[in-house]
Amino acid sequence: MLFPTLVVTAAFAGGTLALPTGDDAPFLKVVSSTEAIVGNSIWNATVGASVVKPIYYQGKEIVGDAKGQYYSYVDQTESFNFSNATIVDSDDDFIDVQFTTSEGEQHWVIYRNQHGAYQYFINKALPSPLGEWRSVSRLDNATFTNGHTTYRQGALPELSEIESGEKVQDETWELSDGSYITKYDWSDFINSAKAWGVYGDGIGCWYIHPSKEYINGDHLKQELMLHRESSSGDTVLLNMIHGLHFLTGEEHEFAEGRVWGPWLWYLNNGSVEDANAKYDEEVQSWPYSFPNADIEAGHHQRASSVSGVITLSDGRAASGASVMLGDNESSQLPAEQGVNYYYRTTADSDGNFSFENVRAATYALYAWAGNNSDIGDVSTNLTANGIEISESTSAIDLGEYTWDTQNRTKIWQIGTLDRLACSFKNGCSGYHHGLSDESPADIEYTINSSETSDWSYVQTAEGTWQVKFELSDNPASDAVAILSTSLAGYSSGVNIEITAQGGNVTVGELSDLTNDPSVYRSSTFCGLHRYEEFEVPAGTLVKGSNTIEFTVTKTSQWHGFMWNSILLEWS
């Protein structure tokens, strides 16, 4: 179902827009105040009040009996009611079609010969505060049989497979052979992902974000990307533009005019390689020259680059540090921020960092030891508020920052302080429900002889994980040690009592932390980072043999402590 070129005009800023012409021109056909058809010679979609359906790509209808494409919020129970399709911007090659609702404006930017459309949303009156909200494409399950994320590719489960299993938790089923099907296995790190999508024989549907500036969270923000809908069998492609699937449920209040996008909703022949190449192409084109219609000026007011250098107070370069421009004067962790716009990078071996195309605003600069960082023994973070970025066509140099370390003497460390579970057994092995069941109830770990991989990524079962170590000299009588526990994630329902010397000295407890769903939602990487320090009293540690114990006193299946690092130092 393709449409011929439509000759239409639209009012804009008191004038008239010149529209593309020709057989391959993008078009808008207004059917009624609540229905319109948009597209070009390659594809077209009928945009209704609350759902986009049908959608045709090269003559093939791709939604079928599925729900279609839509926006939703508030636990995905509320959808928008768009109306009044209007072309608000155009040139010889594109049109920008706006659909309005009380919550905001949905835009489709359609180019001639483009396989898909650029989409963006401008806030007018979204509910406040607001948690998860998203755009979704629910598509024909017989057409789109496979999925692609960074960590998982291939066939989606059949609805019949899901129905044959026993439901054991949210969208998770245990099969007769003891394996599991869960939608959370199709998750990814959204701020570093390229294209994610679903595909079948000769057709693919993808979301491509050339910038992640409008997406909440830090480098390690994970999101559910796609899955098989268990109630209908729809193939679901998710676009979590403000998602909380692996965080603690932090809600945000958004200013009027806040923009999400533009991202590219992309259609192709099903080639993963083509989708990733398209991502690379779009990154080179960012920031786009559009949008120009009814958008806050800050979208186009940018510094071309913002750079600086970070040095630790002990003289080392902040090599491999994760660096972020985030909310100024914020009480939230970078992972939980989401009100404004965010820029993320990794420092090089000399501690140099650089961000490109930064919106003019006031930021805070954050830094911490990142994945595979050379400074994985540093437990502190860097925060520098009041970073003023103004519009500039040239580079902005922020100069040098000094990052104060904890300045203690290390006794031993297990794992690397990078907020991930990668150092440990099964850590960073992908998304697998129930893998926590493989973690032992008891571990004896001996410093200088055990391998880091002898420690498991998550502790959940009732039992004790003991660390044994030797001190070659008698500590001073007033020597206090600091035990630092760094958690990559924590799913509530499990408590740990920390003791020393075979349980004879109480050191502290890890309990009643705010839940994040990382462990029971299949992640072996991380959830929300948590860090606690405990004093080991003077006189506890002695020359010769010593122990620290981590004893689970309360359990809950598939919940627990995802470890990042344990560090013992003299204060």
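In this text the structure is predicted, and so the values were computed from the model without any measurement.

The rules behind each value
Residues numbered from 1 in each chain as written. Predicted model: local features only at pLDDT ≥ 70, side-chain atom pairs only at ≥ 80, totals over all residues. Heavy atoms only, no water. Domains from an automatic or database assignment. Contact = heavy atoms within 4.5 Å. Buried area = accessible area lost by both parts, 1.4 Å probe. Salt bridge = Lys/Arg side-chain N within 4 Å of Asp/Glu carboxyl O. Nonpolar A, V, L, I, M, F, W, Y, C, P; charged D, E, K, R; others polar. Buried < 20%, exposed > 50% of the residue type's maximum accessible area, 1.4 Å probe, protein only. Helix = DSSP H or I, 4+ residues; strand = E, 2+ residues; numbered from the N terminus. Pairing = 2+ DSSP bridges. Core = buried A, V, L, I, M, F, W, Y, C linked by side-chain atoms within 4.5 Å. Axes fitted to C-alpha atoms, helices over the stretch in contact; angles between N-to-C directions. Polar contact = N/O pair within 3.5 Å; in protein donor to acceptor, adjacent residues only side chain to side chain.

S.K.: Help me understand the domain arrangement of the chain, please; the structure alone is not making it clear to me.
M.R.: Note on interface size: it is often stated as the accessible area lost on association of the parts. Parsing the chain into structural domains produces domain 1 (11-299), domain 2 (301-403) and domain 3 (409-570). Inter-centroid distance (C-alpha atoms) of domain 2 to domain 3 is 29 Å. Facing 13 residues of domain 2, the contacting portion of domain 3 comprises 13 residues. Sorting the residues of domain 2 by area buried against domain 3 places Gly376, Asp377 and Ser379 first, and these three jointly supply 42% of that buried surface. Inspection of the region where domain 2 meets domain 3 yields zero salt bridges. Among the residues forming the side of domain 2 that touches domain 3, the class breakdown is five nonpolar, six polar and two charged.

S.K.: Which parts of the structure should I look at to understand the pairing of strand β31 (residues 361-369)?
M.R.: Every regular strand shows the same layout, with side chains that alternate between the two sheet faces. Taken across its nine residues, β31 has seven buried, putting it largely inside the fold. One ladder, built from six bridges, connects β31 with strand β32 (residues 382-389); its direction is antiparallel. Residue threonine 362 lies in a different strand from β32, and its bridge partner there is glutamate 388.

S.K.: Would you take a moment to explain the nonpolar core for this structure?
M.R.: In globular proteins that are soluble, nonpolar side chains generally tend to be buried together. Grouped together as the largest cluster of nonpolar side chains are 99 residues, with contacts concentrated most on Trp43, Trp108, Trp133, Leu365 and Trp403. The leading source of residues in this core is strand β26 (residues 259-268), at seven residues. Looking at which domains feed residues into this core, each of domain 1 (11-299) and domain 2 (301-403) supplies at least three. Apart from residues no more than four positions distant in its own chain, leucine 365 is found in contact with Val323, Met324, Leu325, Phe353, Phe355, Leu382, Thr383, Ala384, Ile387 and Tyr401. Formed by 46 residues, the second largest nonpolar core is a distinct cluster that contains Leu471, Leu487, Ala488 and Ile496.

S.K.: Mind showing me how you'd approach unusual backbone geometry here?
M.R.: Most peptide bonds take the trans configuration, and most residues that are not glycine carry a negative phi. In this model, lysine 53 is joined to proline 54 through a cis peptide bond whose omega is 0 degrees. Residue placement: proline 54 occurs in strand β6 (residues 52-57). Across the junction of serine 128 and proline 129, the peptide omega takes the value -5 degrees, indicating a cis bond. Secondary-structure assignment places proline 129 in the loop between β13 (116-123) and β14 (133-139). With phi around 55 degrees, asparagine 407 is a residue other than glycine that occupies positive phi space.

S.K.: What should I look at first to understand the sheet that holds strand β35 (residues 443-446) in this one?
M.R.: Across a sheet, paired strands are connected by hydrogen bonds in the backbone, their directions being either parallel or antiparallel. On the basis of which strands lie adjacent, the open sheet formed by five strands has the order β35-β37-β42-β39-β40 and mixed pairing. Of all strands in the sheet, those with a lone pairing partner are β35 and β40 (505-510), marking the two edges. Between one strand and the next, the sheet's axes are offset by a mean angle of 20 degrees, whatever the strand orientation. As judged from the nine bridges shared by strand β37 (residues 463-471) and strand β42 (residues 544-554), these two strands associate in the antiparallel manner. If you follow lysine 468 over to β42, its bridge partner there is threonine 547.

S.K.: Which parts of the structure should I look at to understand the side chain of arginine 530?
M.R.: Inspection of the secondary structure puts arginine 530 in strand β41 (residues 530-536). On the basis of relative accessibility, which here comes to 10%, the residue arginine 530 falls in the buried class. A polar contact of 2.8 Å, which involves the side chain of arginine 530, links it to the backbone oxygen of leucine 528. Sequence-distant contacts of arginine 530, defined by excluding residues within four places in its chain, comprise Thr485, Ser486, Leu487, Gly489, Tyr490, Leu513, Thr514 and Asp516.

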